[in-house]
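# Working through the structure, step by step
This is what each chain is made of:
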Amino acid sequence: MTDQPMVRAENVHKSFGRLEVLKGIDLEVRQGEVCCVIGPSGSGKSTFLRCINHLEKINAGRIWVDGDLIGYRERGGKLHEMREKEVAEQRRAIGMVFQRFNLFPHLTVLENVMEAPLRVRREPKAQVRERAVELLSRVGLADKVDAYPGQCSGGQQQRVAIARALAMRPKLMLFDEPTSALDPELVGEVLDVMKSLASEGMTMIVVTHEIGFAREVGDSLVFMDGGVVVEAGAPREVIANPQHERTRAFLAKVL
Ligand code: ADP
Ligand code: MG
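Given the structure is predicted, the values throughout are model-derived calculations rather than measurements.

## Description of the site of ligand 1
- Looking at ligand 1, the residues that line it are Phe16, Leu19, Val21, Pro40, Ser41, Gly42, Ser43, Gly44, Lys45, Ser46 and Thr47.
- In this structure, Ser43 approaches ligand 1 through a main-chain N or O atom, which is 3.1 Å from an oxygen atom.
- In the complex, the protein chains occlude 59% of the 560 Å² of accessible area that ligand 1 would expose alone.
- If you list the elements that add at least two residues to the shell around ligand 1, you get β2 (19–29) and α1 (45–52).
- The element contributing the most residues to the shell around ligand 1 is α1, with 3 residues.
- Of the residues in the shell around ligand 1, the class split is 4 nonpolar, 6 polar and 1 charged.

## Topic: the pairing of strand β11 (residues 220–225)
- With 6 of 6 residues buried, β11 is to be regarded as a mostly interior element.
- Neither face of β11 is open: one carries Ser220, Val222 and Met224, the other Leu221, Phe223 and Asp225, and all of them are buried.
- In the sheet, strand β3 (residues 34–38) pairs with β11 via 4 bridges, with the strands oriented parallel. Note that in β11 the partner of Cys36 across the bridge is Leu221.
- Here 5 bridges tie β11 to strand β12 (residues 228–233), and the two strands are oriented antiparallel to one another. Following the sheet pairing, Val222 is matched in β12 by Ala232.
- Linking β11 back to β12 in an antiparallel pair, the connection comprises 2 residues, with Gly226 at a positive phi of about 55°.

## Looking at the sheet that holds strand β5 (residues 68–69)
- Read across the sheet, 4 strands follow the order β2-β1-β4-β5 without closing on themselves; strand pairing throughout is antiparallel. The open sheet has two edge strands, β2 and β5, and neither has a second partner.
- By the bridge criterion, 2 bridges tie strand β4 (residues 60–65) to β5 in an arrangement that is antiparallel. Bridging from a neighbouring strand, Val65 pairs with Asp68 of β5.
- On top of the sheet, α1 reaches β1 (7–16), β2 and β4; it is set at about 65° to β2, its chief contact.

## Some points on the side chain of Ser220
- By secondary structure assignment, the location of Ser220 is in strand β11.
- A residue is classified by how much of its surface remains accessible, and Ser220, at 15% relative accessible area, is buried.
- Beyond its immediate chain neighbours, meaning those up to four positions away, Ser220 contacts Glu33, Val34, Cys35, Cys36, Gly233 and Pro235.

## Some thoughts on the UniProt feature "domain: ABC transporter" (unreviewed entry) in the chain
- UniProt records the feature "domain: ABC transporter" (unreviewed entry) at residues 7–251, using the numbering of this structure.
- Along residues 7–251, the helical share is 37% and the strand share 28%, with 26 Å between the first and last C-alpha atoms.

## Considering the pairing of β1
- Two strands pair when backbone bridges link them, and β1 and β2 are joined in this way by 8 bridges, in the antiparallel orientation. Residue pairing in the sheet places His13 in a bridge with Lys23 of β2.
- As consecutive antiparallel partners, β1 and β2 are separated by 2 residues, and within that stretch Gly17 has a phi angle of approximately 60°, a positive value.
- Strand direction decides the pairing type here: β1 and β4, joined by 5 bridges, are antiparallel. Along β4, the bridge assignment pairs Arg8 with Trp64.

About the cut-offs
- Residues numbered from 1 in each chain as written.
- Chains lettered and ligands numbered in written order.
- Predicted model: local features only at pLDDT ≥ 70, side-chain atom pairs only at ≥ 80, totals over all residues.
- Heavy atoms only, no water.
- Near = heavy atom within 4 Å.
- Polar contact = N/O pair within 3.5 Å; in protein donor to acceptor, adjacent residues only side chain to side chain.
- Areas by Shrake-Rupley, 256 points an atom, 1.4 Å probe, with all protein chains shown as cover.
- Helix = DSSP H or I, 4+ residues; strand = E, 2+ residues; numbered from the N terminus.
- Nonpolar A, V, L, I, M, F, W, Y, C, P; charged D, E, K, R; others polar.
- Buried < 20%, exposed > 50% of the residue type's maximum accessible area, 1.4 Å probe, protein only.
- Pairing = 2+ DSSP bridges.
- Contact = heavy atoms within 4.5 Å.
- Axes fitted to C-alpha atoms, helices over the stretch in contact; angles between N-to-C directions.
- UniProt positions renumbered as here; feature names shortened; annotations may be inferred.

Here it is in structure tokens:
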């Protein structure tokens, strides 16, 4: 074990045209930690996750994942922008789960989970299949391998999406409101899978409105508003004793 954080963001800025969405985000997530991120709509939470995964290019600042600077290589004491291919390679080590599951509708559940390791990693098919089946039983879907996404509930589809992300053996998982599109009765089964993933030591950043999950599973809680981290700390502390008026006002609305 090293002391090196799994994620380190330093003064991250991101604008879309003249709209400055991230105004200097600093954040550290240690290996094996679950960092929950809350905040009003439009505060930049999704954009921040997308920057970590290099789906968006930042305008200033630095992001490291497992000690690796995202998007840049150091050569001869200077930083050079990475080529697409290197970026894609970095991105593969980071799993992402979105609010909408984005499964391939024409592929079975099993094929959805096998797709990336087969196509991107070119791993042997038998091995990929074995692992996909194992991952699907881990998320409680052993009986759904041959079903199509359209035959699954939203909660089941989201669990497939989690298994699909895990199939690439990520060292970090990013969740962007993974339960927000689900009927209330399906939220728990997805949170349970995330909880067991956390207990197995996966490093996770979870954007969520599920304060109960943040309190129970989170090692840290970050409150973002207007493109900055307003407050961060131990979830119980932040929830029970918010230091900033904006945090208090937000919590009053969601609790
Ligand atoms: P959150 O996830 O906290 O709701 P977002 O990161 O999605 O916030 O969005 C923050 C702000 O950035 C919003 O004002 C949104 O409209 C804007 N935004 C996000 N993505 C883009 C984009 N690709 N182009 C222009 N504006 C964007
Ligand atoms: Mg969002």
